[in-house]
Structures are given as structure tokens and as C-alpha cells.
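In case you want the letters, here they are:
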Amino acid sequence: MPTIRRGAPGDNRPAGFVSGHASVFERTDLSGDRIRAGAFARALRERGPGGIRMLWQHDPAQPIGVWTKLVEDARGLYAEGRLALDTAQGRDAFALLRQEALDGLSIGFRARHSRPLRDGGARRLLLDIDLLEISIVTFPMQEAARVREARGDLLPRFADAARRIAEATLSASLKEFPCRR
């Protein structure tokens, strides 16, 4: 399992930032599909990142954020996005990513054009894909499709806010009830 890169002090990424390859070209997945470079071009042009949903475990009832950048690069379909940390599902997904309890990415799609294959376990070559969603998952069908970066950790900010609230509360209570000797 690859290590997820984490943010450093002064990191300028937004809280909940995630990135990685949602699909890798010319590599057979566990269902026997192999994706050709260029297969996502039409969907990316027609939908753009805003038209591709970020879901939790392919559940359409659980959107967990937004994809902000989707591009085909030399390796595959590269994705960047932001988890919705003001939702329970977004916070849970971020916590699990940060703990490296999961790191999979998986695509939800319809094949527009494919051709049969009988090569090394591959059953079809996908040439044109209507990409509907990219999910953060426990077990990706394409084993090389992984989150590589999860940054913008909110925990230090939450800890600092909790400390300030505790100090303010303690300070106020001491003023209300002065000690007498």
C-alpha cells in the first residue's frame, strides 16, 4: 500500500485536499477491463470536473466532496479535489485517508466504445468512457488507482480552537468566582 503524502506546516492546499490517479492506462483491472489513453477525453470535455461526482464507496446517496481538476496524463486519469469537511462523510473519509486506513480510487462509468480482448486476463479494451463519478473506496477495481496526497489537515486548527475556548472559559469563571482567603 503506498504512503499518502501529508501536508507540512505552511501548506497552502485547502483543508481536505486529495489527489491521485483514479485510473491507470493499459493496465488490466480486476474485472478484466483495460483503458486506453484518450478514453476519458470526451467525458472530460463534455462534463468537466464539476460534472463528475466525488462519492464514498460508489454510493450516490453519499457525495463527500468535489473534484476540482481532472486530466489525462501519461499515466492515467489524474484527479484533484476537496473533501466536504463540513459533512460527517467528508470528515470520516479524510480521517481514514490521513490514517492510511484506505487509499483507493475507483471510477463509475458507462462504456461508450470498447473492443473485446483476450490478452493476459483482459476481456475488453475501453476506448471511450462516459465518466460519471470517482469514488474514494476501500478496495479499488484498478489496483494502481490510489490517493497519493491528502493535505490541509484541520486537526491542529481544531486543537488550537479548543485550547482558546478552554482558556476563555476558565478565565471567565475565575473572574465570576474570585478566590477568598
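The preceding data block contains the structure.
Cut-offs used in this document
Residues numbered from 1 in each chain as written. Predicted model: local features only at pLDDT ≥ 70, side-chain atom pairs only at ≥ 80, totals over all residues. Heavy atoms only, no water. Phe/Tyr/Trp six-rings, centres within 6.5 Å; stacked < 30°, edge-to-face > 60°. Helix = DSSP H or I, 4+ residues; strand = E, 2+ residues; numbered from the N terminus. Buried < 20%, exposed > 50% of the residue type's maximum accessible area, 1.4 Å probe, protein only. Core = buried A, V, L, I, M, F, W, Y, C linked by side-chain atoms within 4.5 Å. Contact = heavy atoms within 4.5 Å. Pairing = 2+ DSSP bridges.

Quick word on the packing of aromatic side chains
Line of reasoning, step 1. Enumeration over the complete set of coordinates arrives at one aromatic pair.
Line of reasoning, step 2. When the ring of Phe-25 is compared with that of Phe-40, the centres are 6.3 Å apart and the planes differ by 35 degrees; the resulting orientation is tilted. Here Phe-40 lies in the loop between strand 3 (33-35) and helix 1 (41-47) and Phe-25 lies in the loop between strand 2 (17-24) and strand 3, a separation of 15 residues in the sequence.
Line of reasoning, step 3. The class for Phe-25 is buried, based on a relative accessible area of 9%.

Comments concerning the nonpolar core
Line of reasoning, step 1. Of all hydrophobic cores here, the largest spans 32 residues; its most connected members are Phe-40, Trp-67, Leu-83, Leu-131 and Ile-134.
Line of reasoning, step 2. The biggest single contributor to this core is strand 8 (residues 122-137), with five residues.
Line of reasoning, step 3. Among residues more than four places away in sequence, those in contact with Phe-40 are Ser-23, Phe-25, Ile-35, Glu-72, Leu-77, Ile-107, Ile-129 and Leu-131.

Here's the deal with the side chain of Ser-23
Line of reasoning, step 1. Structurally, the position occupied by Ser-23 is in strand 2.
Line of reasoning, step 2. The contacts of Ser-23, once residues within four sequence positions are left out, are Ile-35, Phe-40, Arg-75, Gly-76, Leu-77, Ile-107 and Ala-145.

Concerning the pairing of strand 7 (residues 104-119)
Line of reasoning, step 1. As defined by bridge partners, strand 7 adjoins strand 8 across 13 bridges and the pair is classed as antiparallel. Note on strand 8: the bridge partner recorded for Ala-111 is Ile-129.
Line of reasoning, step 2. Counted between consecutive antiparallel strands, the loop separating strand 7 from strand 8 contains two residues, among which Gly-120 sits at a positive phi close to 55 degrees.

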